[in-house]
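What follows is each chain in one-letter form.
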Amino acid sequence: HRRGHPDRARQHLRRRRRTEPLYRTGTTFEQLFETGRIFDVLWTSLHRAVLGFLAALVIATPLGLLVAKVRVVRAAIGPLLSGLQSLPSVAWVPAAILWFGLNDASIYFVVLLGSVPSIANGLVAGIDQIPPILPRVGKTLGAGRLAAARHILLPAALPGYLAGLKQGWAFSWRSLMAAELIAQSPDLGLGLGAYLNEGSSFNDMPTVLAAIFLILL
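Residues numbered from 1 in each chain as written. Predicted model: local features only at pLDDT ≥ 70, side-chain atom pairs only at ≥ 80, totals over all residues. Heavy atoms only, no water.

Engineer: How do you make sense of the side chain of serine 89 when you look at a structure like this?
Structural biologist: Take serine 89: it is sitting in the loop between helix H3 (71–86) and helix H4 (93–100). By relative accessible area, which is 13% here, serine 89 ends up buried. Once residues lying within four places of it in the same chain are set aside, the contact partners of serine 89 are Val110, Gly114 and Ser175. (Helix = DSSP H or I, 4+ residues; strand = E, 2+ residues; numbered from the N terminus. Buried < 20%, exposed > 50% of the residue type's maximum accessible area, 1.4 Å probe, protein only. Contact = heavy atoms within 4.5 Å.)

Laid out in structure tokens, this is it:
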């Protein structure tokens with residue numbers, strides 16, 4: 001009967017170790033708000049994500065139009081886009097650091113490679129589903145290539161394009177977190193990925209959980 005007391009004590013300690021970080025995560029959030037650090041961390045990551053996604057949108061939209069409408073470009077770049085989309089963007093982080101160094105350029109490079117293929121392929125898929133009669137009607141009415149792309153192709157391909165944009169945003173966010181986790185430098189500031197890595201380096205589970213919650217939000 002006496003031997004049961006140490007066993008119960010050890011079980012209690014194990015349960016406490018598992019649940020205590022959950023309670024302390026609330027305290028970590030309070031400290032982040034009181035010090036204002038949470039706004040700096042969020043701003044660092046969010047402005048990178050938005051700028052990277054907008055740059056990907058500018059690059060991927062004309063690229064998707066070219067791949068969808070020009071057979072030579074489709075044969076040359078189409079398989080490459082599909083391969084890049086399936087490649088985990090975290091694989092590009094070491095190469096980006098070697099090419100650009102520990103700066104924002106390496107992070108944006110990873111974000112672009114994570115989001116551009118998804119947006120471009122989504123637009124290609126949307127254009128492929130357009131009934132062939134619509135471009136013919138545009139030609140009959142005298143629409144040039146740019147006018148046809150703006151007023152016929154893009155609106156008709158909107159469902160596939162929006163799906164590509166949604167996936168491109170998700171991939172750009174994942175790429176950003178991977179880049180911030182690996183690329184560590186005081187010049188890069190403290191984003192969500194770096195904050196998560198900071199908690200892991202100091203074996204601070206509440207900080208790790210707080211970073212995960214912020215990334216999910």
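Engineer: Where do I start with the layout of surface pockets in this structure?
Structural biologist: To find leftover empty space, one rolls a probe the size of a water molecule over the atoms. Considered as a void within the structure, the second largest pocket measures approximately 170 Å³ in volume. Residue lining of the second largest pocket: 13 residues in total, with Thr28, Gln31, Tyr195, Asp204 and Thr207 positioned closest to the centre. Breaking the lining of the second largest pocket down by element, the ones donating at least two residues are helix H1 (4–35), helix H9 (192–201) and helix H10 (205–216). Of all the elements, H1 adds the most residues to the lining of the second largest pocket, at 5 residues. Its residues assigned to classes, the lining of the second largest pocket shows 4 nonpolar, 5 polar and 4 charged. (1 Å grid on protein atoms, 1.4 Å probe; cavity = no way out; pocket = protein on both sides within 12 Å on 5 of 7 lines; lining within 4 Å. Points joined across faces, edges and corners; volume = space filled by probe spheres on them. Nonpolar A, V, L, I, M, F, W, Y, C, P; charged D, E, K, R; others polar.)

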